[in-house]
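One-letter residues, chain by chain:
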Amino acid sequence: MPNDIAVRLPQQKGSAPSGQTAAPREHRFDIDLMRLICSATIMLGHVGAQFIHSTGNDPANGSGSYWAGHVAEAINPFAVPLYFAIAGWAVLVGAPPRDSARMWQRIVRNIVPLFTWTAVYLVWAWLRDRNDRPMTELAADSLFGSVQPAYHLWFMYTYIPIIALLAFAMLIKAGKRPWGLGAALLGIAVLPSVMTTVTEVTGRELPSVAWGFTTYSLVYAVGGALLLALPAGTLRWRWPLFVLLPLTMAGALWYNTQIHYVMPNAHLFVAAMSICVLLLISRARVPEKWRPSVRNLANAALGAYMVHVLFVEEIVPRFVSPDLGGPMAGLLLVGLLITVMALSFATSLLWGKLNLRRLLG
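**Considering the overall build of the protein chain**
Here's step 1: When helices and strands are counted, the protein chain shows 14 helices and two strands.
Here's step 2: In summary, the protein chain has a C-alpha radius of gyration of 21 Å against a globular reference of 21 Å for 361 residues, a match within 12%.
Here's step 3: C-alpha extents for the protein chain along the principal axes are approximately 70 × 60 × 40 Å.
Here's step 4: The proportion of buried residues among the 361 residues of the protein chain is 46%.

Quick look at the structure:
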């Protein structure tokens, strides 16, 4: 997922006096670790979804695969809220933008991989004869929101407006006048009504607009900034979180299997689960010997997220069957998850070495 900014802790005592060099900021390895855990659980959810789909989301068609998939999906829900939390912390606390130009650089570093990978997925599906509509139509629609088969890129259409809005507020607070950023946000705000009006006047059906954000995503971003900025040692007793976390996951399993699949990100169970995971990982000490690897993998997380659906779609369905027994389904799910993660991160690390990170994430 997005990793366009350094994960650093700002100075605690203001800027350095004139003529002196500012002290370097502390790198937050705990947030690097959080990004890796979120990336892994998103892949877990997408692999698990293939097991659920193989049964038509009906345990009567294969209880082993059905329950293996739903257990995976019940562990997964905190990942997206935590990415919003990290984004909010980064813009508001960790690395606030100094000016509009810096913010536009961040936005471009997310938009370029978004549309590059949309093109990759559309061409791949066309080559595999999987597009449900002409590729030109899907490409046009992708300018306004995520499309099949690049369904997982929906997150970027929310993430980018959120970081733009928070940066806009921070720049105004700093006495700047980010007119261009404000105009872009105004355009995002009015675009849905413009598209609706054009449809009503012309009678031509236009794509729905996904650019923007909901209340829950903004709350996760701002609330996450608050929690991630808490000083070390603030939370002395963590054992209640270890008790509450599995209960929230059990609640997610119940909701997904008994009420509606998939549970919304704004659900109470998701919020409680996200807070538990965030507070358990925040300020956790990463051993010195692990830090270079954790940082390197965290830098590859966005690319791994972008590419992993290719591996999920091409590999997982070949092995998944509704006829699997429970233990076999569980073991197969773990094996497929490890395979998808290894291929995704290895591929992302490779193009990082080829200096293609700005293009491919």
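The rest of the description comes next.
**What about the pattern of salt bridges?**
Here's step 1: Taken as a whole and assessed by the stated rule, the structure comprises eight salt bridges.
Here's step 2: Arg28 serves as the salt-bridge partner of Asp30, at 2.8 Å between the closest nitrogen and oxygen. Taken individually, Asp30 and Arg28 each receive the classification buried, so the pair is uniform in this respect.
Here's step 3: A salt bridge links Arg318 to Glu314; its shortest N-O distance comes to 3.6 Å. Highlighted residues: Arg318 and Glu314, both in helix H12 (residues 301–319), separated by four residues, approximately one helical turn.
Here's step 4: By relative accessible area, which is 61% here, Arg318 ends up exposed.
Here's step 5: Overall, the relative accessible area of 17% leaves Glu314 in the buried class.
Here's step 6: Where salt bridges share partners, they join Arg128, Arg130, Glu314 and Arg318 into one cluster.

**A word on the nonpolar core**
Here's step 1: Among the nonpolar cores identified, the biggest contains 91 residues, and Met34, Val47, Phe51, Trp117 and Phe155 are the most heavily contacted of them.
Here's step 2: Beyond its immediate chain neighbours, meaning those up to four positions away, Val47 contacts Val312, Val316, Leu333, Leu336, Leu337 and Val340.

**A closer look at the packing of helix H1 (residues 29–54) against helix H2 (residues 63–75)**
Here's step 1: At a minimum axis separation of 7 Å, H1 and H2 run at an interaxial angle of 150°. The orientation of H1 with respect to H2, classified from their angle, is roughly antiparallel. Crossing geometry of H1 relative to H2 is assigned as left-handed. Contact with H1, carried on its side by Leu44, Gly45, Gly48, Ala49, Phe51, Ile52 and Ser54, involves Ser65, Tyr66, Gly69, His70, Ala72, Glu73 and Ile75 of H2 and no other residues of that element.
Here's step 2: Residue classes in the contact of H1 with H2 are distributed as seven nonpolar, six polar and one charged.

**Quick notes on the state of the cysteines**
Here's step 1: Using the criterion set out here, one finds zero disulfides in the structure.
Here's step 2: Free cysteine: Cys38, not disulfide-bonded; nearest cysteine sulfur from Cys276 at 14 Å.
Here's step 3: Residue Cys38 is classed as buried on the basis of its relative accessible area of 0%.

**Describing a nonpolar patch on the surface**
Here's step 1: A cluster of nonpolar side chains, namely Val108, Val112, Leu350, Leu354, Leu356 and Leu359, defines an oily patch on the protein surface of about 480 Å² accessible area.
Here's step 2: Within the fold, Val108 resides in helix H4 (residues 100–127).

**Quick look at the confidence of the model for the protein chain**
Here's step 1: The pLDDT averaged across the protein chain works out to 92; a share of 93% of its residues lies at or above 70.
Here's step 2: Within the protein chain, the element-level pLDDT minimum falls on strand S1 (residues 8–9), averaging 44, and the maximum on H2, averaging 98.
Here's step 3: Of the regions scoring below 50 in pLDDT, residues 8–23 engages in 20 contacts with residues more than four places distant in sequence or in other chains.

**Quick look at the packing of aromatic side chains**
Here's step 1: All told, the structure shown has 12 aromatic pairs when counted by the stated rule.
Here's step 2: Ring centres of Tyr121 and Trp124 lie 5.8 Å apart, and the angle between their planes is 80°; this geometry places the pair in the edge-to-face category. One end of the pair, Tyr121, and the other, Trp124, are both in helix H4, three residues apart, so they sit about a helical turn from each other. Grouping residues by exposure puts Tyr121 and Trp124 together as buried.
Here's step 3: Three or more aromatic residues link up through ring pairs in this structure, and these residues are Tyr83, Phe84, Trp154, Phe155, Tyr159, Tyr216 and Tyr220.

**Some remarks on the packing of helix H3 (residues 79–94) against helix H6 (residues 154–173)**
Here's step 1: The geometry of H3 relative to H6 is characterised by a closest axis approach of 9 Å and an angle of 25° between their N-to-C directions. Relative to H6, the element H3 lies roughly parallel. Crossing of H3 against H6: the hand is right-handed. On the side of H3, the interface is formed by Val80, Tyr83, Phe84, Ala87, Gly88, Val91 and Leu92, while H6 contributes Trp154, Phe155, Thr158, Tyr159, Ile162, Ile163, Leu166, Ala167 and Met170.
Here's step 2: When its residues are assigned to classes, the contact of H3 with H6 shows 14 nonpolar, two polar and no charged.

**Some details on the side chain of His308**
Here's step 1: Summarising the element assignment, His308 is placed in helix H12.
Here's step 2: Look at His308 and you get buried, because its relative accessible area is 0%.
Here's step 3: Of the polar contacts made by the side chain of His308, one reaches the side chain of His46; its length is 2.7 Å.
Here's step 4: Ignoring anything within four residues of it in the chain, the contact list for His308 reads Ile42, Met43, His46, Tyr121, His152, Val340 and Ser344.

What counts and what doesn't
- One numbering rule holds for all chains: residues counted from 1, following each sequence as written.
- Where totals are concerned, whole chains, interfaces and linings use all residues; where local detail is concerned, this predicted model gives features only for residues with pLDDT of at least 70, and gives and counts side-chain atom pairs only at 80 or more.
- Side-chain figures throughout are based on the complete set of non-hydrogen atoms in the structure, without hydrogens or water.
- Starting at the N terminus, helices and strands are each numbered in turn, a helix being any DSSP run of H or I of at least four residues and a strand any DSSP run of E of at least two.
- Radius of gyration: over C-alpha atoms. The globule rule applied is 2.2 Å multiplied by the number of residues raised to the 0.38 power.
- Burial status follows relative accessibility: with a 1.4 Å probe on protein chains alone, a residue under 20% of its type maximum counts as buried, one over 50% as exposed, and anything between as partly exposed.
- A pairing counts as a salt bridge when a side-chain nitrogen of Lys or Arg comes within 4 Å of a carboxyl oxygen of Asp or Glu.
- Definition of nonpolar core: a set of buried residues of the types Ala, Val, Leu, Ile, Met, Phe, Trp, Tyr and Cys, connected through side-chain atoms within 4.5 Å.
- Note on contacts: a residue pair is in contact if any heavy atoms of the two residues lie within 4.5 Å.
- Simply put, an axis is a line fit to the C-alpha atoms, just over the touching stretch for a helix, and the angle between two N-to-C directions goes from 0 to 180 degrees.
- Here the angle decides the label: under 35 degrees means roughly parallel, over 145 means roughly antiparallel, 65 to 115 means roughly perpendicular, and every other value means oblique.
- Note on convention: near helix rotated counterclockwise from far helix by under a right angle means a left-handed crossing. Clockwise means right-handed.
- The residue classification treats Ala, Val, Leu, Ile, Met, Phe, Trp, Tyr, Cys and Pro as nonpolar and Asp, Glu, Lys and Arg as charged. All others, Gly included, are polar.
- Disulfide assignment relies on a single distance test, namely cysteine sulfur atoms paired within 2.5 Å.
- Note on patches: the residues involved have over 30% relative accessible area and no salt bridge, like charges join within 9 Å, and the nonpolar side chains Val, Leu, Ile, Met, Phe, Trp and Tyr join within 5 Å.
- Computed with the Shrake-Rupley method and a 1.4 Å probe, the accessible areas treat only the protein chains shown as cover for residues.
- pLDDT is a residue-level measure of predictor confidence that goes from 0 to 100.
- Any pair of Phe, Tyr and Trp rings, taking the six-membered ring for Trp, is counted once the centres come within 6.5 Å. Such a pair is stacked with planes under 30 degrees apart, edge-to-face with planes over 60 apart, and tilted for the rest.
- Polar contact is the term for a pair of N or O atoms within 3.5 Å; when the atoms are in protein, one must be able to donate a hydrogen and the other to accept it, and sequence-neighboring residues count only if both atoms are side-chain atoms.

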